[in-house]
Each structure stands twice: as structure tokens, then as C-alpha cells.
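Remarks on the overall topology
The primary structure of each chain is shown beneath.
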Amino acid sequence: MEIDRNTDLDALPLRERKKIQTGFRIFRTAIALFTESGFDQVSVAQIAAAADVSKMTVFNYFSTKEDLVMAPMEKHLDEPARAVRDRAPGTSAVTALREQFVDALRRFDPSAGLSDDPVVLDVVRLIHRTPALTARATHGFDRVAQAALHAELLSQDPAHDDLTARVATAQALAVRTALIAANHRRMLAGERAADALPTALADTERAFALLERGLGDYCTSPA
């Protein structure tokens, strides 16, 4: 459960506000318990009791126990595809992907790995320490994100070249994954996000420049 930082909860109807607050409370409670005792050692019933809700309420917000950790992150899976779809005329796919990632870094969005929010760091540690979560983060994320970006690139490529779209997808997402992993290492080592930002931005420019040398102006939208 993730609350958009730009959302004014006070402006929402009472019912909607309470729904968001309840979901956020369940998420925060689950992460705290998982961090203290381990993911496998905490039951959904324990989370429900600690959050002062029923077990059914937990499942109304999160379909599975794994969703309690992974659901907020998985909201970002289609961001690379959306960056390509919404890019300005005359913009290449690589440029769109770089600009989207740089913007996420500057906002310290957890999706780019550069966030020193304690809850975000607890989630990252949980994923690293829990095999089931690690598997979902790697295989599940790759499958969904790759399918979305591949479909977007293929639909916008005038040549409709499936192989090139698949190669471009794999390379672009590999660059993002490498950058996110490097940012996670910085945060887990105790760096402040603000202090790490200049290095993260420089690494991003260098990594996408390497990608651009290979893909060049591939899938540039019509000017």
C-alpha cells in the first residue's frame, strides 16, 4: 500500500480517506513485524491483530502474504513502458527511459532505489533475506516489466521487428536493474540519499550512454 506524496488526504471523502489509511496501517504493521521476526515467522493473523483489523480485511487489501511486501513496488512495473508510450515527439526510446529514471532519482522515488526512508530500506532488506520474495522480485518483475516494455516497443517500431524489440527490452531493463541495485547498495551501506544523488545521476548518464551506443535512435517517435 502506497500513498502518493501529492495526495491531499484531507481533500478526500471520509470513506476513501479511511480506506487509504487502513491499507497503509496494515502495510506498515506487516513490514515492522517482518523486520523484527522474519517474513516466514509472521502469520497474516498476527499482522491483522497488530493492525487491529480482521484477517479478512488484510486479504481485502493484499491478496497474499507476499503482496504485503511486494505490492507497492509492483505498481512501478509498467513505468518503463509508460515512459516510452508517453515520450515527446522525436524522442528515442532510450532517451525517454533515461529521462524517466533521472526524474525518479531526483524525486528520491523508491522505484529508482535511491531512498533512505527507513520503511523502504526495511522492505529492501526483507527481499534480500527472503528467498520467496527474492524470487518474486527477480522472475516476476522481469516477466511483467519485460512483457509491457516489449509490447510497447514493438507496437511503435515501424519495422515491427520482434527480435530487435526483445533485445532492446532486455538491454534497457538490465541497465535499470544494475542502477537500482547500485543505489540499494549505497542506501544499505548507510549513505544518505541526498549525498548519493550526484553519483547516482552520473552513473545513470554513463549507463544509458552505453545503451544508446548500441540502440542509437531506435524507435524514435515521429517528429
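Everything below is about the structure shown above.
Residues numbered from 1 in each chain as written. Predicted model: local features only at pLDDT ≥ 70, side-chain atom pairs only at ≥ 80, totals over all residues. Heavy atoms only, no water.

If you tally the helices and strands in the protein, you get 10 helices and zero strands. Going residue by residue from the N terminus, the α and β elements of the protein occur as α-α-α-α-α-α-α-α-α-α. For 223 residues, the compact-globule estimate of 2.2 N^0.38 gives 17 Å, and the C-alpha radius of gyration of the protein, at 19 Å, lies within 12% of that figure. For the protein, the proportion of its 223 residues judged to be buried stands at 44%. The contacts in the protein between residues at least 6 apart in sequence include a share of 71% that link residues at least 24 apart. Total accessible area computed for the protein in this model is approximately 11800 Å², and 53% of it derives from carbon and sulfur atoms. Taking the 27 positively charged and 31 negatively charged side chains of the protein as two groups, their mean positions are separated by 4 Å. (Helix = DSSP H or I, 4+ residues; strand = E, 2+ residues; numbered from the N terminus. Rg over C-alpha atoms; globule rule 2.2 N^0.38 Å. Buried < 20%, exposed > 50% of the residue type's maximum accessible area, 1.4 Å probe, protein only. Contact = heavy atoms within 4.5 Å. Areas by Shrake-Rupley, 256 points an atom, 1.4 Å probe, with all protein chains shown as cover. Lys, Arg positive; Asp, Glu negative; His and termini not counted. Charge placed at Lys NZ, Arg CZ, Asp CG, Glu CD.)

Describing an aromatic ring pair means giving the distance of the ring centres and the angle of the ring planes. By the definition in use, this model includes three aromatic pairs. Taking 6.5 Å as the distance between ring centres and 35° as the angle between the ring planes, the aromatic pair formed by phenylalanine 24 and phenylalanine 27 counts as tilted. With phenylalanine 24 and phenylalanine 27 both in helix 1 (residues 14–37) and three residues apart, the pair spans about one turn of that helix. Note on phenylalanine 24: relative accessible area 28%, which makes it partly exposed. You can call phenylalanine 27 buried: its relative accessible area is 7%. A centroid spacing of 6.5 Å and a plane angle of 45° characterise the contact between phenylalanine 101 and phenylalanine 208, whose relative ring orientation is tilted. Taken as a pair, phenylalanine 101 in helix 6 (residues 93–106) and phenylalanine 208 in helix 10 (residues 193–215) lie far apart in primary sequence, 107 residues in all. Classification of phenylalanine 208 as buried rests on a relative accessible area of 0%. The ring of phenylalanine 39 has lysine 65 sitting right over it, with the charged end atom 4.6 Å from the ring centre. (Phe/Tyr/Trp six-rings, centres within 6.5 Å; stacked < 30°, edge-to-face > 60°. Lys NZ or Arg CZ within 6 Å of the ring centre and 35° of its normal.)

So, on to the packing of helix 9 (residues 162–188) against helix 10. It is at 10 Å that the axes of helix 9 and helix 10 come closest, and there the two elements cross at 160°. Compared by their axis directions, helix 9 and helix 10 come out roughly antiparallel. Taken as a pair, helix 9 and helix 10 cross one another with a handedness that is right-handed. On helix 10, the residues touching Ala168, Gln171, Ala172, Val175, Arg176, Leu179, Asn183, Arg186 and Met187 of helix 9 are Ala193, Ala196, Thr199, Ala200, Asp203, Thr204, Ala207, Phe208, Leu211 and Leu215. (Axes fitted to C-alpha atoms, helices over the stretch in contact; angles between N-to-C directions. Parallel < 35°, antiparallel > 145°, perpendicular 65-115°, else oblique. Left-handed = near helix turned anticlockwise from the far one by under 90°.)

Structural measurements only, silent on function.
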